[in-house]
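Reading the structure
Now for the letters of each chain:
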Amino acid sequence: MKALGIDIGSLTTKVVILDNGTTLSATVTPSGENAELATREATQQALDEAGLSFDDDLYIVSTGAGGKSISFNRQQRAITTCLARGAFYLHSTTRMLIDMGAESSTIVKINERGRVSDWATHDKCAAGTGLFLQQMAKLMQIPMTEMTELSLKAKAKADISSTCAVFAESEVISHVHRDPPTPKEDIVAGINYSVVSRIKALCKRVGIARDVLVTGGVALNGGLIDILEKELGFSVSVPETPQIVAALGAAILARENIEKGKQ
Amino acid sequence: MTIAPVKNNIQSIIRACRLIMKMNKTRPDARKSEELYYEMLIKYFTRLLNSRKNGDFVAAHTVFFPAEIIYAMGLVPMHTETTTWMISLFTGECADILEAGASLGLASEICTPHRGLAGAFATGTIPYPDAMLWSNMVCDNTAKSGELIMKITKCPGFFLDHPFKNTEHEMKYLVSELGDMVSFLEAESGRKMDWDKLAEIVARTDRQIQLMREINELRQAVPTPFHPQGFLELISVDYLYPGQPEAIEYLETLREELSDMVRQGKGAVQTERFRLMSFFLPPMYLMGFMESISQEYGAVSVTEPFFTYWGEGRLDPGKPLESVARKSYMIPEMRMYGPMDERALDSIVECAKQYKIDGAIYYADVGCRHTCAMIKLFKDTLSNIDVPVLTLDCDVVDPTITSREEVREKLERFFELLEDR
């Protein structure tokens, strides 16, 4: 039986297929309006990559914002549990995970057995999330992929409010239209810094603990990671594909269930 | 500015309680104490509703206020904060009164039981009091709320200056303050204090506290016999009926019911999986949901250090006013709202051990500075003894702060964390 983990996020759906500790496939595809249909397609793609099909013996565990909205899973688990399992599997020394997704950021404190000991979520405002960064990049007419390079080149950081995404947008506009305009690099660094300050406050809520693993799509923003490390005062780890950690954790839970003979 | 009157919120509470009683008659597992509880609520609010017609003198008072004095003088008490959260509990929402509170200029950051209360008075959806009694026993909101209610309802008021610390000197001062309050009420209501009656009430309050302690002991049983959010009944009885025969009857009945259940090894939920400690009040508008999710996951609040965990000490009916003053320092809430020291933290640890808790839920009421200021301290204290804490950002009466879905998701994550440990 193959263990399959699906993390249905608000922007992307991640699927990981495990077989005896080997990752057969890991995919990231856009989430659709019809969660059932889009997730089925995403799963089909992952199955195709692994040379499998829905007719094979699969144990599916789902998680994420849309984790409850599909009918073909065997179990649905909390995102925090999945993130902890995935992070611990990748680096067993991880004691704190910072997951920065499209619509929310979650800090998970992990114990020495890879279990969640505490967590905190920032989900009341877009500030501090991937969507906020996307919106800012759009506003500045730069591709998201350039944010890393620009941020790393910054000589200073523009002051951007970290309290509200909407107000932050007005501040970015005022920096762009200033005479002379604030350098693009400094604005991007300021945007990244505003996200980091939110994340750091959230980390403090549960108590900062090392080692730290950063996951979620925002972890691909190297400029932000650089600022995060400076603010925390130590290095953090970022997995090769940071978006798939929750799906990986769900797959690990599926594997645990297979081993326990759970239906 | 004009605020249009809407509905009568007191009538709504009474109607809802009657409906619950009717529905309970069809439930084979309904407790006798539950029936007594709703009868008490109906009686309390009916007396308030008919106060004008009956020529009664209504004394509104803020939370933790010594209502024993009001009862001893034959006046009708009106517990202000409880009235607001009961509107939310029984009608499901407070949007109209919160909006009316906002129209008075009260910012959204102001504690909603106080903001809603001001709105309810302003819209005339709850009866005006004849006098307002308030104190500094809790927070600045409470202290300012009294002044605002006096302004809205144009009634006289008395501010009870409750000393922060509990020394002999300060106790004397508090007793003199209570004496002044009695004089104020006598002058305003034209009724004399019945000291013998106050002594009787104090004797019953002492009994009430003893019964609460016995009930708490029964709640230590595994599985626990009292229902998941049962503590709300206990605090309501203490807030609304201090030293009243109805409270004694309710508590004695409940104690017997819980004793029976403990003897039979019966729990409040079918399969008890998570024994919880609760800090502060859950969202009232979600109580039905909170009860059902508790049943679904086998999660029960077994202890509430700052609501139901009474400290040591007895009351002396021979010294009624001194006893009322003493009680104000004995109430569980004062471990936190008074001069907070090790007593608060020690009680958390004691409760965690005595009640064998698996986790704690901290209802972080966004409008309550006092509550939210303690989160880290209490969380760290429990973390030191390996007890996880869920901080649930919410509001006790305002449903726009946290939705049912958010609460469900966070509770499910927390239950999963507890299970996975």
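Residue indices follow the written sequence of each chain, beginning from 1 at its first position. Whichever chain is written first becomes A and whichever ligand is written first becomes 1, with later ones labelled in order. Side-chain atom pairs in this predicted model are given and counted only at pLDDT of 80 or more, local residue features only at pLDDT of at least 70, and totals for whole chains, interfaces and linings cover all residues.

With that settled, consider the overall build of chain B. A run of H or I in DSSP counts as a helix once it spans at least four residues, and a run of E counts as a strand once it spans at least two, with each numbered from the N terminus. When you go through chain B residue by residue, the secondary structure sums to 19 helices and eight strands. The globule rule used for comparison is 2.2 Å times the number of residues to the exponent 0.38, while the radius of gyration itself is calculated over C-alpha atoms. Relative to its length of 421 residues, chain B is compact, with a C-alpha radius of gyration of 21 Å against a globular reference of 22 Å. Along the longest, intermediate and shortest principal axes, the C-alpha atoms of chain B span 60 × 50 × 45 Å. Looking at chain B as a whole, 51% of its 421 residues qualify as buried. A pair of residues counts as a contact when their C-beta atoms, built from backbone coordinates, are within 7 Å of each other. Taking the intrachain contacts of chain B between residues at least 6 apart in sequence as the baseline, contacts between residues at least 24 apart amount to 77%. In this scheme every C-beta is placed from the backbone, and a residue whose C-beta has 20 or more other C-beta atoms within 10 Å is buried, one with 12 or fewer is exposed, and one in between is partly exposed.

Now for the interface of chain B and chain A. Taken together, the contact pairs seven residues of chain B with eight residues of chain A. Side-chain classes are defined by residue name, with Ala, Val, Leu, Ile, Met, Phe, Trp, Tyr, Cys and Pro counting as nonpolar, Asp, Glu, Lys and Arg as charged, and the others, Gly among them, as polar. Here the residues of the side of chain B that touches chain A sort into two nonpolar, no polar and five charged.

Interfaces are often sized by the amount of accessible area the parts lose when they come together. Residues and elements named next belong to chain B. Looking at the assigned domains, one finds that chain B contains domain 1 (9-191) and domain 2 (196-420). What counts as a domain boundary in this text is fixed by an automatic or database domain assignment. Placing a centre on the C-alpha atoms of domain 1 and another on those of domain 2 gives a separation of 21 Å. If you look at the interface, domain 1 gives 43 residues, while domain 2 gives 45 residues. Those elements that provide at least two residues to the side of domain 1 that touches domain 2 are helix H2 (32-49), helix H4 (68-72), helix H5 (80-91), helix H7 (112-122) and helix H9 (168-189). A per-element tally of the side of domain 1 that touches domain 2 places H2 first, with six residues. When its residues are assigned to classes, the side of domain 1 that touches domain 2 shows 26 nonpolar, 11 polar and six charged.

What follows is about the sheet that holds strand E3 (residues 22-30) of chain A. All names here are of chain A. Only strands that DSSP links by at least two bridges are regarded as paired with each other. Strand order in the open sheet formed by five strands is E3-E2-E1-E4-E5, with mixed pairing between adjacent strands. Each end of this open sheet is capped by a strand with a single partner; those strands are E3 and strand E5 (75-76). Pairing analysis gives two bridges linking strand E4 (residues 58-63) to E5, with the strands arranged parallel. Residue pairing in the sheet places Val61 in a bridge with Gln75 of E5. Docked against the sheet, helix H8 (residues 245-260) engages strand E1 (2-8), strand E2 (12-19), E4 and E5, running at close to 145° with respect to E1. Comment: axis = line fitted to C-alpha atoms, over the contacting stretch for helices; angle = value between 0 and 180 degrees taken between N-to-C directions.

Our focus in this paragraph is helix H2 (residues 79-90) of chain A. Residue and element names in this part refer to chain A. Helices are assigned an expected span. That span is 1.5 Å times one less than the residue count. Spanning 12 residues, H2 covers 16 Å between terminal C-alpha atoms, matching the ideal 16 Å at 1.5 Å per step. Of all 12 residues in H2, 10 are buried, a share of seventy percent or more. The complete set of buried residues in H2 reads Ile79, Thr80, Thr81, Cys82, Leu83, Ala84, Arg85, Gly86, Ala87 and Phe88.

Now for the sheet that holds strand E5 (residues 274-279) of chain B. Residue and element names in this part refer to chain B. As summarised here, the arrangement of the four strands in space is E6-E5-E7-E8, forming an open sheet in which the pairing is parallel. This sheet does not close on itself; its edge strands, each paired only once, are strand E6 (299-303) and strand E8 (389-394). In this sheet, neighbouring strand axes are inclined to one another by 35° on average, regardless of whether the strands run parallel or antiparallel. Sheet strands touched by helix H19 (residues 404-420): E5, E6, strand E7 (359-365) and E8. Its angle to E8, the strand with the most contacts, is close to 180°.

The next point concerns unusual backbone geometry. With an omega dihedral of -5°, the bond running from Asp179 of chain A to Pro180 of chain A counts as a cis peptide bond. With respect to the element layout, Pro180 of chain A can be found in the loop between helix H5 (165-176) and helix H6 (184-206). The residue Phe64 of chain B is not glycine, and still its phi comes out positive at about 70°. Among the secondary structure elements, Phe64 of chain B is positioned in the loop between strand E1 (58-61) and H4. Here the phi dihedral of Asp386 of chain B falls at roughly 65°; this positive angle occurs in a residue that is not glycine. Along the chain, Asp386 of chain B falls in the loop between helix H18 (375-383) and E8.

This part is about the environment of Ser189 of chain B. Residues and elements named next belong to chain B. Looking at the element boundaries, Ser189 is found in helix H9. Residue classification places Ser189 among the partly exposed positions, given that 18 C-beta atoms sit within 10 Å. Taking the C-alpha atoms as reference points, Ser189 and Gly74, 115 residues apart in sequence, are found 9.9 Å from one another. Among all residues touching Ser189, those that are not within four sequence positions of it are Phe57, Met73, Leu75 and Asp130.

This brings us to the packing of helix H10 (residues 195-218) of chain B against helix H12 (residues 245-264) of chain B. Residue and element names in this part refer to chain B. Packing of H10 against H12 leaves a shortest axis separation of 10 Å and a crossing angle of 20°. On the basis of their axis angle, the class for H10 and H12 is roughly parallel. In this structure, H10 meets H12 at a crossing whose hand is left-handed. Note on element contacts: H12 touches H10 through Pro245, Ala247, Ile248, Leu251, Glu252, Leu254, Arg255, Leu258, Ser259 and Val262, opposite Arg204, Arg207, Gln208, Leu211, Met212, Glu214, Ile215 and Leu218. Partitioning the contact of H10 with H12 into residue classes produces 11 nonpolar, two polar and five charged. Throughout, the term roughly parallel applies to angles under 35 degrees, roughly antiparallel to angles over 145, roughly perpendicular to angles from 65 to 115, and oblique to all others. Helix crossings get a hand from a simple test, with the near helix turned counterclockwise from the far one by less than a right angle marking a left-handed crossing and a clockwise turn marking a right-handed one.

Time to look at the confidence of the model for chain A. Confidence in the prediction for chain A averages 92 pLDDT; 98% of positions are at 70 or higher. Looking at the elements of chain A, mean pLDDT is at its lowest for H5 of chain A, recorded as 85, and at its highest for strand E9 (residues 212-215) of chain A, recorded as 97. The quantity called pLDDT is the predictor's confidence in a given residue, expressed from 0 to 100.

To continue, consider the domain arrangement of chain A. Residue and element names in this part refer to chain A. Entries for chain A in the domain assignment read domain 1 (1-91 + 243-263) and domain 2 (92-236). One C-alpha centre belongs to domain 1, the other to domain 2, and the line joining them spans 27 Å. Each partner contributes to the interface: domain 1 provides 15 residues, whereas domain 2 provides 20 residues. No other element matches the nine residues that H2 contributes to the side of domain 1 that touches domain 2. Its residues assigned to classes, the side of domain 1 that touches domain 2 comprises eight nonpolar, six polar and one charged.

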